[in-house]
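# Close look at the chain arrangement
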Amino acid sequence: LCVARAVLAALRGRLGALCWSLTPFSLSLPLSGWRRDSPPRREREQEWDEASPTPTSVNYHFTRQCNYKCGFCFHTAKTSFVLPLEEAKRGLAMLKEAGMEKINFSGGEPFLQDRGEFVGKLVQFCKQELELPSVSIVSNGSLIRERWFKKYGEYLDILAISCDSFDEDVNILIGRGQGKKNHVENLHKLRQWCREYAVAFKINSVINRFNVEEDMNEQIKALNPVRWKVFQCLLIEGENSGEDALREAEKFVISDEDFERFLDRHKDVSCLVPESNQKMRDSYLILDEYMRFLNCRNGRKEPSKSILDVGVEAAIKFSGFDEMMFLTRGGKYVWSKADMKLDW
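As annotated in an unreviewed UniProt entry, the protein carries the name S-adenosylmethionine-dependent nucleotide dehydratase RSAD2 and is attributed to Cephalopterus ornatus. In its Subcellular location (unreviewed entry) section, the UniProt record describing the protein reads: "Endoplasmic reticulum membrane". Looking at the Cofactor (unreviewed entry) heading of the UniProt record, one finds this comment for the protein: "[4Fe-4S] cluster".

## Considerations on the overall build of the protein
When its secondary structure is counted, the protein shows 14 helices and 10 strands. Within the protein, the fraction of its 344 residues that count as buried is 52%. Considering only contacts in the protein between residues 6 or more positions apart, those separated by 24 or more positions represent 75%.

## Some words on helix α4 (residues 117–129)
The terminal C-alpha atoms of α4 lie 17 Å apart, and with 13 residues this matches the ideal 18 Å at 1.5 Å per residue to within 8%. Here α4 has its buried residues at Phe118, Val119, Gly120, Leu122, Val123, Phe125 and Cys126. Looking at the packing, one finds that the buried side of α4 touches β1 (57–61), α3 (85–97), β2 (102–106), β3 (134–139) and α5 (146–152). The first or second residue beyond α4 is Glu131, which carries a positive phi of 55°.

## Remarks on the nonpolar core
Generally speaking, soluble globular proteins have nonpolar side chains that are buried together. Judged by nonpolar contacts, the single largest core of 68 residues is most densely connected at Tyr60, Leu92, Ile103, Phe105 and Trp228. Examining the composition of this core, we find that six residues originate from one element, α4, more than from any other. Sequence-distant contacts of Tyr60, defined by excluding residues within four places in its chain, comprise Leu83, Ala88, Leu92, Ile103, Asn104, Phe105, Ser106, Leu122, Leu287, Asp288, Glu289 and Met291. Phe72, Cys233, Ala249 and Phe252 belong to the second largest nonpolar core, which has nine residues in total.

## As for unusual backbone geometry
The bulk of non-glycine residues show a negative phi, and the bulk of peptide bonds are trans. A cis amide bond, omega 10°, links Gly107 with the succeeding residue Gly108. Following the sequence through the fold, Gly108 ends up in the loop between β2 and α4. For Arg115, which is not a glycine, the phi torsion comes out positive at approximately 55°. On the basis of relative accessibility, which here comes to 75%, the residue Arg115 falls in the exposed class. A positive phi angle is found at Met291, which is not glycine, with a value near 60°.

## Considering empty space enclosed by the protein
Under the criterion given, the structure shown has two cavities of 30 Å³ or more. In this structure, the largest cavity spans a volume of roughly 40 Å³. Each residue belonging to the lining of the largest cavity can be placed in one class, and the counts come to one nonpolar, five polar and one charged.

Thresholds applied
Residues numbered from 1 in each chain as written. Predicted model: local features only at pLDDT ≥ 70, side-chain atom pairs only at ≥ 80, totals over all residues. Heavy atoms only, no water. UniProt positions renumbered as here; feature names shortened; annotations may be inferred. Helix = DSSP H or I, 4+ residues; strand = E, 2+ residues; numbered from the N terminus. Buried < 20%, exposed > 50% of the residue type's maximum accessible area, 1.4 Å probe, protein only. Contact = heavy atoms within 4.5 Å. Expected span 1.5 Å × (residues − 1). Core = buried A, V, L, I, M, F, W, Y, C linked by side-chain atoms within 4.5 Å. 1 Å grid on protein atoms, 1.4 Å probe; cavity = no way out; pocket = protein on both sides within 12 Å on 5 of 7 lines; lining within 4 Å. Points joined across faces, edges and corners; volume = space filled by probe spheres on them. Nonpolar A, V, L, I, M, F, W, Y, C, P; charged D, E, K, R; others polar.

Below, the structure is given as structure tokens:
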């Protein structure tokens, strides 16, 4: 029912845009929030003809800093900027007003900023003040402590931990290593804390040349996450590929056939959610550290104006977001822990 409503909303928006474009005076009216340095008129007219998508689910990468060095990372530490807390809250409130139902905090590593207090305060604000149905975090898990769950766990719906291999040597080879800490052992500890503090547990894995032959069936079934997101290693110009990139991910890339073989090997894992490069590129609303939407359609991250400057509706037109692809890949699901009926 939720998917059907979202599809109808998208179609209604497209019909509204069409009707507007047929109005004799439509092209003579100024666009609210546009600045002098906006694109030429012809480009603005083309963008206006397309209905603005609804920011139902937003991924806010509020920091690029990370304590890991994953070789395929496609959101690298090109800046150290983090918005002041109150400005971040203002932007999140604007997104809620525009229709946001789910916020996902990511990075970089979200728990680096103020030892997790920054993301904790944002999580509490989104659940308590904005009353969002779903609040989630993606983390490598290395900096999360039990005291964080005690303070903020009740406000968090989903914690997704990145784990690309259950072989610690492979994790180190990929770049998910930090001294004597064992990434896999820490994963099991976080799984237990999620049970104790009623947070839905999720695993994200990037399939690449170093783990594509691995069989993870037994380990994933034992951990029993609500979702196991499996991504195909993706190249983004300027991030993990090209002259001005901080990473060289070409050696991690696998073919579509390799990715399909990995999926087939794990087809009996009920929580498996596969995402190929095609699905990933256009079906995510990505907000960077300046609260700019990032358009990845051309193989690199091209930023919009910040929503704090021009508003959500104006900025989202340049996000490259494919709302229908978002629905097709299952982007809308049962994402509130209150509706999951899990045995905590």
